[in-house]
Amino acid sequence: MVKTIGIILNGATGRICSTQHLENSLIPMRENKDLLVNGEIVIPDLLLLGRNEKKLSEIANKFQITNWTTDLNSALANENYPIFFDAASTHLRLNLLKNAIDAGKHIYTEKPLAPSVEEGKTLLQTVSSKNLKHGVVEDKLFVPGLRKMNHLIKEDFFGRIVNFNLTFGWWVFDGSSQKSQRPSWNYKKSGGGGLLFDMYPHWRYVIEGLLGPIKRVVSANWTAQPKRIDEEEITYKVDVEDSSATILELDSGAFGTIQSSWATRVRVEDLFTLQIDGTEGSGYSTLRNCWTQRASSTPRITGFNLGGDKTTLEFKTNYLKDWEEVPEIAPYKNPYRFGWESFIEHVLTDSPFISNFSAGIRDIELSEACLKSGSTSSWISMT
Ligand SMILES: NC(=O)c1ccc[n+]([C@@H]2O[C@H](COP(=O)([O-])OP(=O)(O)OC[C@H]3O[C@@H](n4cnc5c(N)ncnc54)[C@H](O)[C@@H]3O)[C@@H](O)[C@H]2O)c1
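Residues numbered from 1 in each chain as written. Predicted model: local features only at pLDDT ≥ 70, side-chain atom pairs only at ≥ 80, totals over all residues.

**Topic: the overall build of the chain**
- The number of helices and strands found in the chain is nine helices and 18 strands.
- Expected size for 383 residues packed as a compact globule is a radius of gyration near 21 Å; at 23 Å, the chain falls within 12% of this value.
- The principal-axis extent of the C-alpha atoms belonging to the chain is close to 80 × 55 × 40 Å.
- For the chain, the residues scored as buried account for 41% of the 383 residues in total.
- A fraction of 70% describes how many contacts in the chain between residues 6 or more apart in sequence connect residues 24 or more apart. (Helix = DSSP H or I, 4+ residues; strand = E, 2+ residues; numbered from the N terminus. Rg over C-alpha atoms; globule rule 2.2 N^0.38 Å. Buried ≥ 20, exposed ≤ 12 C-beta atoms within 10 Å, placed from the backbone. Contact = placed C-beta atoms within 7 Å.)

See the structure below:
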């Protein structure tokens, strides 16, 4: 048996929707017919929604999608499409989701769910009062490196976890020597930009998903590149942070740090790394890979090796050799596809869906707490 499920994709021509959601998740699901719910093959029937007819028709042609429109109201009135997905610019989200909920659609949305925790809570109340299903994209726990880290945690590899350290970032050109690789709205408060609202929702579910509840945070946030040049070659002032350093205390008693920046040059293995240290061992994950060092193979370091009186060749010690790579635990699956499969099943069968609006609200709670901490120079409770 084959059934279809109608999904409106808003912001379909955007960077993330056209690549991860369409090309890497929904189109393969349609082509390979490999989503099974209760023994039935489920195929997404897509309606692309956006502003620009030319761009929309190009994307529709590329993926052989017949239905696309620039008319939001007609899309919302179309009963063949019970799910509304939003991946358009962040600042438009709140009103769009309100409209889609009013039209009786189940909602799946990119992060951040709303511009504030308060507004997120109002959305949750409205969507729940109408008995509609709701979900927020939380893809990063499904990248292969973190799936391996999660596996280690479930196996109790670490013993008592004492520290963690998350690093993220790369250099985003300001537009003067080279075009910026990120849209200008990312650097404007009015566009819903800023590193804390863009990236910290991810760090919230990664940290709490792996290590349990965050108790409190203290954060410094700054703007490393205060002037940028936009898509129209106009210079603008950046009025949000593009860099942040945060200390977190968890309910478990562990402490950790997050260092994120769009003004740093990559010198480690990946754009994202996470190290977790425990009494029985440590784990180090990139997006793709993960390594461990057990208590039994921990080198007995006695201090800095600054070379001896013999030769400077002895100056370096290879600290990486005592780390062991974690083998693949499962075949690769696109991280965004996990959310789609689970949300579609949730809509069709009432199966549980973890990253619902409550989770999305908690995601922005971390962004808000870090902003508040930065402006008040104080620890902010998250309990
Ligand atoms: N889960 C993730 O890892 C991840 C990664 C990147 C972006 N995102 C989220 O996805 C969303 C889009 O980000 P992006 O990087 O793809 O941005 P983008 O600028 O490439 O795409 C935004 C889309 O919104 C559309 N849009 C802009 N203004 C509009 C308007 N007034 N009316 C209708 N449509 C409009 C644009 O045409 C474009 O299609 C953001 O909310 C962002 O936070 C999530």
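**Quick word on the site of the ligand**
- The environment of the ligand is made up of 18 residues, and the closest members are Gly14, Arg15, Ile16, Ala88 and Glu110.
- Of the residues contributing to the shell around the ligand, the split by class is six nonpolar, six polar and six charged. (Near = placed C-beta within 6 Å. Nonpolar A, V, L, I, M, F, W, Y, C, P; charged D, E, K, R; others polar.)

**Quick notes on the domain arrangement of the chain**
- For the chain, the assigned domains are domain 1 (2-138 + 334-354) and domain 2 (141-331 + 364-381).
- Relative placement of domain 1 and domain 2: their C-alpha centres are 29 Å apart.
- In this assembly, 14 residues from domain 1 lie in contact with 14 residues from domain 2.
- Elements represented by at least two residues in the side of domain 1 that touches domain 2 include exactly helix H5 (117-129) and helix H8 (335-349). (Domains from an automatic or database assignment.)

**With respect to the packing of H5 against helix H9 (residues 357-376)**
- The N-to-C vectors of H5 and H9 enclose an angle of 175 degrees; their axes lie 9 Å apart at closest approach. Overall, the two elements H5 and H9 adopt an arrangement that is roughly antiparallel. In this structure, H5 uses Val117, Gly120, Lys121, Leu123, Leu124 and Val127 to contact H9, whose residues at the interface are Phe357, Ser358, Gly360, Ile361, Ile364, Glu365 and Glu368.
- Across the contact of H5 with H9, the residue classes break down as seven nonpolar, three polar and three charged. (Axes fitted to C-alpha atoms, helices over the stretch in contact; angles between N-to-C directions. Parallel < 35°, antiparallel > 145°, perpendicular 65-115°, else oblique.)

**Observations regarding the sheet that holds strand S18 (residues 380-381)**
- The strand order across the open sheet formed by nine strands is S17-S16-S15-S14-S8-S13-S12-S9-S18, and the pairing between neighbours is mixed. Each of the sheet's edge strands pairs with one partner strand only, and the pair in question is strand S17 (324-325) and S18.
- When strand S15 (residues 281-285) meets strand S16 (residues 290-294), the two strands line up antiparallel, connected through five bridges. Following the sheet pairing, Ser282 is matched in S16 by Gln293.
- Sheet strands in contact with helix H6 (residues 144-154) are strand S14 (272-278), S15 and S16, and its direction is about 165 degrees off that of S15.
- Packing against the sheet, helix H7 (residues 195-211) makes contact with strand S8 (161-169), strand S9 (214-222), strand S12 (243-250) and strand S13 (255-261), and its axis sits at approximately 25 degrees to S12. (Pairing = 2+ DSSP bridges.)

**Things to note about the nonpolar core**
- Core analysis: the largest hydrophobic core is formed by 84 residues, its most contacted members being Ile8, Leu9, Leu47, Leu48, Ile83, Phe85 and Trp203.
- For this core, the element with the most residues is H7, which contributes 11 residues.
- Both of domain 1 (2-138 + 334-354) and domain 2 (141-331 + 364-381) provide at least three residues apiece to this core.
- Apart from the residues lying within four places of it in its own chain, the contact partners of Ile8 are Leu47, Leu49, Ala75, Tyr81, Ile83, Phe84 and Phe85. (Core = buried A, V, L, I, M, F, W, Y, C linked by C-beta atoms within 7 Å.)

**Re H8**
- The end-to-end C-alpha distance of H8, which contains 15 residues, comes to 22 Å, matching closely the 21 Å that a straight helix rising 1.5 Å per residue would cover.
- All of the buried residues in H8 are Pro335, Tyr336, Arg337, Gly339, Trp340, Phe343, Ile344, His346 and Val347.
- Just downstream of H8, Asp350 is the residue with a positive phi angle, here 75 degrees. (Expected span 1.5 Å × (residues − 1).)

**Some words on helix H4 (residues 93-102)**
- Every buried residue of H4 is accounted for by Arg93, Leu96, Leu97, Ala100 and Ile101. Taken around the axis of H4, the buried residues stretch over an arc of 130 degrees, which confines them to a single face. Exposed and oriented more than 90 degrees from the buried face of H4 are Asn95 and Asp102.
- The positive-phi residue at the C-terminal boundary of H4 is Gly104, with phi of around 85 degrees. (Arc of directions from axis to C-beta.)

**Points about the pairing of strand S3 (residues 40-49)**
- Note that strand S1 (residues 2-10) and S3 share nine bridges and pair parallel. In the strand pairing of S3, Gly6 is matched with Asp45.
- The sheet contact formed by strand S2 (residues 36-37) and S3 spans two bridges and is antiparallel. When the sheet's bridge partners are listed, Val37 is paired in S3 with Glu40.
- Remark: two residues form the turn of the hairpin made by S2 and S3, two consecutive strands paired antiparallel; Asn38 in that turn has positive phi of roughly 50 degrees.
- Where S3 and strand S4 (residues 67-69) come together, three bridges link them in parallel fashion. Across the sheet, Leu48 pairs through a bridge with Trp68, a residue of S4.

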